[in-house]
Amino acid sequence: GAGVSQSPSNKVTEKGKDVELRCDPISGHTALYWYRQSLGQGLEFLIYFQGNSAPDKSGLPSDRFSAERTGGSVSTLTIQRTQQEDSAVYLCASSLALASGELFFGEGSRLTVL
Amino acid sequence: GDSVTQMEGPVTLSEEAFLTINCTYTATGYPSLFWYVQYPGEGLQLLLKATKADDKGSNKGFEATYRKETTSFHLEKGSVQVSDSAVYFCALSENSSYKLIFGSGTRLLVRP
């Protein structure tokens with residue numbers, strides 16, 4: 001498909017387990033973003049990639065969260081030792097032009113930590 | 001820090017009614033302003049934007065005017081349709097910033 005693809009779409013895990021969320025951006029988009037949407041909350045910025053580097057990791061809520069991007073394309077967001085407060089929808093977006101404000105979002109990965 | 005405040009939903013309207021969704025912002029500089037829409041089962045997509053004061057963004061019959069004096073960017077549509085049912089997010093980015101700051105979203109439900 002031509003859009004941003006995220007997997008899994010739904011993930012239920014037990015507290016303390018590690019999870020990996022994958023994002024496949026639109027081909028040719030150099031910028032990639034991860035946001036988190038908790039129930040009743042706005043979108044919370046997590047991390048931004050330009051190419052394979054992450055100039056801004058300021059939004060990652062704790063050191064249990066990490067992300068990488070390889071080949072300037074696919075990105076993986078990893079949450080270690082999940083906690084119940086990590087339950088949320090994790091959204092990935094990509095953009096062609098830096099700072100244009102036009103982000104293309106995937107449908108998100110819904111994470112539920114029991 | 002910068003922030004965006006939207007009216008709480010859900011907003012329920014009958015088809016062909018007039019829509020206003022309020023959005024105000026707090027920013028230290030001169031931000032660009034955006035409305036994103038999320039239709040059921042789809043990812044967020046850009047609806048319209050305005051990059052400087054008094055600019056009006058418009059798309060699909062929706063409009064919003066960048067009001068610096070009231071720090072607002074209210075979304076309006078003259079006659080809503082059932083297909084407009086979605087969640088609408090107001091957002092800002094400071095000049096030359098890659099980071100979008102979003103409001104909490106407003107759910108719109110349009111009844112036939």
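Up top you'll find the structure we're talking about.
Residues numbered from 1 in each chain as written. Chains lettered and ligands numbered in written order. Predicted model: local features only at pLDDT ≥ 70, side-chain atom pairs only at ≥ 80, totals over all residues. Heavy atoms only, no water.

**Some thoughts on the overall build of chain A**
Heads up, the condition is: Helix numbers and strand numbers start at the N terminus; a helix is a DSSP run of H or I with at least 4 residues, a strand a run of E with at least 2. Radius of gyration means the value over C-alpha atoms here, while the globule rule gives 2.2 Å times the residue count to the 0.38 power. To sort residues, take the accessible area from a 1.4 Å probe on protein chains only and compare it with the maximum for the residue type: under 20% means buried, over 50% means exposed, and anything in between is partly exposed. Throughout, a residue-residue contact means that at least one pair of heavy atoms, one from each residue, lies within 4.5 Å. Areas reported here follow the Shrake-Rupley algorithm with a probe of radius 1.4 Å; residue values treat only the protein chains shown as occluding. Here the positive residues are Lys and Arg and the negative ones are Asp and Glu; neither His nor the chain ends is included. The location of each charge is read from NZ of Lys, CZ of Arg, CG of Asp or CD of Glu.
When helices and strands are tallied, chain A shows zero helices and eleven strands. Going residue by residue from the N terminus, the α and β elements of chain A occur as β-β-β-β-β-β-β-β-β-β-β. Scaling as 2.2 N^0.38, a compact globule of 114 residues should have a C-alpha radius of gyration of about 13 Å, and chain A matches this with 13 Å. In terms of overall dimensions, chain A has C-alpha extents of about 40 × 25 × 25 Å along its principal axes. Within chain A, the fraction of its 114 residues that count as buried is 46%. A separation threshold of at least 6 residues defines the contact pool for chain A, and within that pool the share at least 24 residues apart is 53%. Entry remark: accessible area of chain A is about 5400 Å², with carbon and sulfur atoms responsible for 45%. Across chain A, the centroid of the 10 positively charged side chains sits 4 Å from that of the 12 negatively charged ones.

**Thoughts on the nonpolar core**
Residue and element names in this part refer to chain B. What counts, and what does not: For our purposes a nonpolar core is just a set of buried Ala, Val, Leu, Ile, Met, Phe, Trp, Tyr and Cys residues, chained together by side-chain atoms within 4.5 Å.
Ranked by size, the top nonpolar core spans 26 residues in total, and within it L19, W35, L47, L48, F73, L75 and Y88 carry the most contacts. Within the residue set of this core, elements represented by two or more residues are strand 2 (11-14), strand 3 (19-21), strand 4 (23-26), strand 5 (32-38), strand 6 (45-50), strand 8 (62-65), strand 10 (86-93) and strand 12 (106-111). Top element by residues in this core is strand 10. It accounts for four residues. F34, Y36, L46 and L100 belong to the second-largest nonpolar core, a separate cluster that totals 20 residues.

**Quick look at the interface of chain B and chain A**
Here is the rule: By definition, the buried area sums, over both parts, the 1.4 Å-probe accessible area that each loses when the two are put together. What counts as a salt bridge is simple: a side-chain nitrogen of Lys or Arg found within 4 Å of a carboxyl oxygen of Asp or Glu. Any pair of nitrogen or oxygen atoms within 3.5 Å is treated as a polar contact; in protein, a donor-acceptor pairing is required on top of that, and neighbouring residues in sequence qualify only through side-chain atoms on both sides.
Listed by partner, the interface residues are 18 residues for chain B and 21 residues for chain A. For the chain B and chain A pair, buried surface summed over both sides reaches about 1500 Å², with 59% attributable to carbon and sulfur atoms. For chain B, the biggest contributors to the area lost against chain A are L44, Y98 and F102 of chain B; these three give 37% of the whole. Applying the counting criterion to the chain B and chain A interface returns one salt bridge. One salt bridge in this structure joins K99 of chain B and D56 of chain A, with 3.7 Å as the shortest N-O distance. Counting every contact that joins chain B to chain A gives two residue pairs in polar contact (both at pLDDT 80 or more). A per-element tally of the side of chain B that touches chain A places strand 5 of chain B first, with three residues.

**Focus: the pairing of strand 4 of chain B**
Residues and elements named next belong to chain B. The following threshold applies: Strand pairing requires that DSSP identify at least two bridges connecting the strands.
Because side chains alternate across strand 4, one face comprises the buried residues C23 and Y25, and the other comprises T24 and T26, none of which is buried. Where strand 1 (residues 3-6) and strand 4 come together, four bridges link them in antiparallel fashion. Counterpart to V4 in the pairing with strand 4 is Y25.

**A short note on the layout of surface pockets**
What counts is decided by this rule: The method works on a 1 Å grid over the protein atoms by themselves. A cavity is a set of points holding a 1.4 Å probe that cannot get out, a pocket is an open set with protein on both sides within 12 Å along at least five of seven lines, and residues with an atom within 4 Å of a point line them. Grid points are joined across faces, edges and corners, and a volume is the space filled by probe spheres set on the points. In this classification, Asp, Glu, Lys and Arg are treated as charged, Ala, Val, Leu, Ile, Met, Phe, Trp, Tyr, Cys and Pro as nonpolar, and every other residue, Gly included, as polar.
Considered as a void within the structure, the largest pocket measures approximately 880 Å³ in volume. Q37, V89 and R110 of chain A together with Q38 and R107 of chain B are the residues nearest the centre of the largest pocket, which is lined by 35 residues in total. Among the elements of the structure, strand 1 (5-7), strand 9 (88-95) and strand 11 (109-113) of chain A together with strand 10 and strand 12 of chain B are those that each provide at least two residues to the lining of the largest pocket. No other element matches the four residues that strand 11 of chain A contributes to the lining of the largest pocket. When grouped by side-chain class, the residues that make up the lining of the largest pocket number twelve nonpolar, 18 polar and five charged.

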